[in-house]
Each structure stands twice: as C-alpha cells, then as structure tokens.
Amino acid sequence: MTHRIRIRHGWEVAEREVTDPELYLRRREFLGATGALAGGLVLGACGSSESEAAGAEGAPARRADLGPWDTDETPTSREDATRYNNFYEFGTGKEDPARNAGTLRTRPWSVAVEGEVARPGRVALEDLLKPHAREERIYRLRCVEAWSMVIPWLGIPLGEVLKRFEPTSKAKYVAFDTLLDPEQMPGQRRSVLDWPYREGLRLDEAMHPLSLLATGMYGEDLPNQNGAPLRLVVPWKYGFKSIKSIVRIRFTAEQPYTSWSYEAPSEYGFFANVNPEVDHPRWSQKRERRIGEFRKRPTLPFNGYAESVAPLYAGMDLRKHY
Ligand code: MTE
C-alpha cells in the first residue's frame with residue numbers, strides 16, 4: 001500500500017506559517033472538496049461528510065485529498081484538541097496539561113531502544129525521524145472515558161521505524177515508556193500511577209500500518225500537552241494506549257507491564273480495543289460524546305477500523321481479552 005503524503009506543497013507550508021491552523025485546516029478541506037469535483041463546482045458548505053458531493057451512481061464520493069486511512073469526519077477544533085487533554089504527568093484535570101506542560105523540555109530528546117533487537121542503542125529524535133516522510137493521518141480518537149475527537153496527526157508509520165532496529169525472532173511485544181522526571185512533569189510527584197507511564201502492543205499490532213508515531217497535529221509540531229515530541233497513536237484502541245512523550249522502546253518476548261491494566265485490571269485490559277459490546281464496569285461503552293457536538297453518537301467496533309484490524313484478533317474472545 002502506498003500512502004500519499006500530503007505535507008509537501010510549498011504553498012501549504014507557507015500557508016501554515018502565517019495562518020491560524022484552524023483556518024489552514026478549513027482551507028485544506030475546501031480545496032479537497034472542490035478538487036473532488038473535476039468540473040470545479042463549488043459546494044455550498046464544505047468540510048463535513050454530509051456536504052460531500054454524491055458520485056455518479058448516487059454513492060457518496062470520498063474527498064480526493066484523503067489518504068486511504070483518513071476519516072472524512074469533521075476534525076475537532078484545534079482549540080478543543082489542545083485544551084481538553086489527559087496527561088496525568090501534568091495533573092488529572094482536563095485543562096491541567098495545557099496549563100502545566102510548559103515545563104517539559106522537548107529538545108534535545110532521545111529514545112532508548114532495548115531488548116530483543118539486533119540494533120539496540122540510544123537514538124537522537126532527529127535520527128529516529130530522518131529516514132521517514134511525515135504523513136498526515138486524520139484519525140478518530142476514542143477515550144475509554146466515552147468521549148472522542150477527530151484529529152489530523154502528523155507522523156510516521158510505527159512499523160517502519162521498528163523494522164530499522166531489526167527485532168529478533170523472540171520479539172513478540174513492544175513496550176513504550178514516557179519520560180520519568182518529576183522536575184519537568186510535576187504530576188509525577190503524586191502517586192496517581194506507578195510512574196513512568198508505560199504502554200505496549202503486540203508486535204503485529206505495532207506493525208499494522210494504522211499505528212502511527214506522531215510528532216505533530218493540525219499541520220504543526222505537537223504541543224507539549226498532546227505528548228511532544230513523540231507519541232503513539234493507535235486509533236482502534238482506547239486512547240490510553242496512545243502513550244505520550246516516549247523515551248524508551250523495548251522489544252520483549254513476554255507481554256510487558258502496562259500502566260492502566262496493572263493499576264485497575266478489572267477496568268482496563270492490555271488490548272483495550274474499542275468495543276461497544278464490553279462495558280466499563282462503571283459506565284457503558286455503547287455511545288460516546290464527540291467533543292464539540294451536542295448529541296452522543298454510537299461507538300463503533302474497533303473505533304470504525306474493524307475492516308483493517310479485526311483479522312489481528314481472529315479466534316480471540318474479545319470479551320475476555322478486553
Ligand atoms: N500518556 C501519558 N504519558 N500520560 C497520560 O496520562 N493519557 C492517555 C493517552 N496517553 C496519557 C497518555 C489517555 S487516557 C488519552 S485519552 C490520550 O493520551 C489523550 O490524548 P490527547 O490529550 O492528545 O487527546
């Protein structure tokens with residue numbers, strides 16, 4: 001599968017430098033929507049899936065500027081996505097990270113690569129990213145707390161990065177750690193979790209082309225509160241799997257420690273695939289509140305990515321392996 005990389009037009013870069021990302025995004029959507037109509041017919045409204053032109057057979061046409069993994073749902077406003085966050089290292093309130101994450105120093109930054117790999121070592125962020133072209137991916141994000149967003153990420157496919165370290169035949173899982181430094185992350189002075197925040201994936205999940213190592217969103221570098229300078233985005237899993245501010249990647253033969261599944265094993269599992277049929281013990285997962293919308297919407301199996309990821313779990317009881 002080849003991915004079109006949309007962060008490439010000189011004019012787009014120039015646009016982003018001078019324009020509010022909010023406007024940049026809407027302009028891009030507008031260009032995409034009109035571009036989808038070969039004749040250049042201008043739509044009355046643009047950007048939302050409802051307003052798309054119908055194809056020749058009456059089937060909805062997909063916007064021409066969308067990559068194969070992108071949702072055509074309207075992105076959440078940048079303001080909401082950068083002010084309503086979960087990042088307990090900066091406090092447990094939703095607006096704490098935006099307020100407090102300024103103490104995080106994201107340069108210089110390096111990532112330790114360890115465990116079952118032929119090429120372990122410490123890699124500077126720049127060297128980690130250099131061989132890869134940054135892509136934009138518009139993904140749904142579904143938090144286990146039953147709210148959701150649509151975010152245009154910038155990042156590189158996780159699998160392509162992992163391959164460079166040459167995992168051995170013993171590597172079955174990959175584990176990720178967030179930075180541990182209470183000076184920079186004052187929330188770590190409180191024992192909310194057994195710090196550092198840790199997450200992990202089965203290696204085949206990590207290699208799936210949807211899994212993204214994100215370095216940006218809304219056409220810009222990640223704000224600290226969203227996990228700068230490097231975070232995971234695994235869109236078919238509850239948001240807590242998408243670990244922020246990563247400093248360590250470790251390949252293991254055994255299932256690794258993961259923060260929430262150890263903190264509250266009856267509430268959060270290792271897999272954490274979005275599943276409307278398996279309720280959280282304290283609330284239903286059938287519906288979700290899309291931030292910025294009034295009415296709740298149904299939650300989709302695997303957060304709408306079932307077609308491409310369900311085969312990863314063939315034969316598994318997803319009620320047991322939640
Ligand atoms: N990563 C770290 N290190 N610490 C956290 O508290 N919260 C997780 C995840 N990654 C968290 C984290 C949860 S619960 C969610 S829903 C997402 O980040 C939220 O990402 P966002 O704030 O960018 O929307």
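Whatever comes next refers back to the structure up there.
Quick caveat, the model's predicted, so the values are computed rather than measured. (Residues numbered from 1 in each chain as written. Predicted model: local features only at pLDDT ≥ 70, side-chain atom pairs only at ≥ 80, totals over all residues. Heavy atoms only, no water.)

> So what about the overall build of the protein? Which residues, and what values?
Assigned secondary structure in the protein consists of nine helices and 12 strands. Expressed as a percentage of its 322 residues, the buried residues of the protein come to 54%. When contacts within the protein are restricted to residue pairs at least 6 apart in sequence, those whose partners lie at least 24 apart make up 69%. (Helix = DSSP H or I, 4+ residues; strand = E, 2+ residues; numbered from the N terminus. Buried < 20%, exposed > 50% of the residue type's maximum accessible area, 1.4 Å probe, protein only. Contact = heavy atoms within 4.5 Å.)

> Run through the sheet that holds strand E5 (residues 173-178), naming residues and quoting values.
Across the sheet, five strands lie side by side as E2-E1-E10-E5-E6; this open sheet has mixed pairing. Looking at which strands have only one partner, the edges of the open sheet turn out to be strand E2 (121-124) and strand E6 (198-202). For this sheet the average axis-to-axis angle between neighbouring strands, irrespective of direction, equals 20°. (Pairing = 2+ DSSP bridges. Axes fitted to C-alpha atoms, helices over the stretch in contact; angles between N-to-C directions.)

> Can you tell me about the site of the ligand, naming the residues and giving the values?
Lining the immediate environment of the ligand, one finds 16 residues, of which Asn85, Tyr88, Glu89, Arg231 and Lys244 sit closest. Thr178 is positioned such that a nitrogen or oxygen atom in its side chain is 2.9 Å from a nitrogen atom of the ligand. Here Asn226 contributes a side-chain N or O atom positioned 3.0 Å from an oxygen atom of the ligand. Notes on the ligand: free accessible area 530 Å², of which the protein chains cover 97%. Its residues assigned to classes, the shell around the ligand comprises seven nonpolar, six polar and three charged. (Near = heavy atom within 4 Å. Polar contact = N/O pair within 3.5 Å; in protein donor to acceptor, adjacent residues only side chain to side chain. Areas by Shrake-Rupley, 256 points an atom, 1.4 Å probe, with all protein chains shown as cover. Nonpolar A, V, L, I, M, F, W, Y, C, P; charged D, E, K, R; others polar.)

> For unusual backbone geometry, give the residues involved together with the corresponding values.
Residue Arg107 is joined to Pro108 through a cis peptide bond whose omega torsion reads -10°. Mapped onto the elements, Pro108 comes out in the loop between helix H4 (96-100) and strand E1 (110-115). The peptide bond linking Ala228 to Pro229 adopts the cis configuration, its omega dihedral lying at 0°. In this fold, Pro229 is placed in the loop between strand E8 (220-221) and strand E9 (231-233). Even without being glycine, Glu166 reaches a positive phi, approximately 55°. Overall, Glu166 belongs to the partly exposed group, its relative accessible area being 41%.

> Talk me through the nonpolar core; I want residue IDs and the actual numbers.
Residues Trp153, Val174, Phe176, Leu232, Trp236 and Phe251 are the most contacted members of the largest nonpolar core, which totals 72 residues. Considering each element in turn, this core owes the most residues, five residues, to strand E4 (residues 147-157). Apart from the residues within four sequence positions on either side, Leu232 is in contact with Leu158, Phe176, Leu201, Leu212, Leu213, Lys241, Ser242, Ile243 and Ile246. (Core = buried A, V, L, I, M, F, W, Y, C linked by side-chain atoms within 4.5 Å.)

> So what's going on with the pairing of strand E10 (residues 246-252)? Which residues, and what values?
On any regular strand, side chains alternate: one points to one face of the sheet, the next to the other face. Taking burial as the measure, the seven residues of E10 include five buried ones, the bulk of the element. Sheet topology note: the E1/E10 ladder contains four bridges and is parallel. When the bridges of E10 are listed, Glu114 appears paired with Arg250. Pairing of E5 with E10, which is carried by six bridges, proceeds in the antiparallel orientation. Bridging across to E10, Asp177 finds its partner in Arg248.

> Can you break down a positive patch on the surface residue by residue, with the values?
Together, Arg287, Arg289, Arg295 and Lys296 make up a positively charged patch on the protein surface. You can see Arg295 is positioned in the loop between strand E11 (287-290) and strand E12 (297-298). By relative accessible area, which is 69% here, Arg295 ends up exposed. (Patch = residues over 30% accessible without salt bridge, like charges linked within 9 Å, V, L, I, M, F, W, Y side chains within 5 Å. Salt bridge = Lys/Arg side-chain N within 4 Å of Asp/Glu carboxyl O. Lys, Arg positive; Asp, Glu negative; His and termini not counted. Charge placed at Lys NZ, Arg CZ, Asp CG, Glu CD.)

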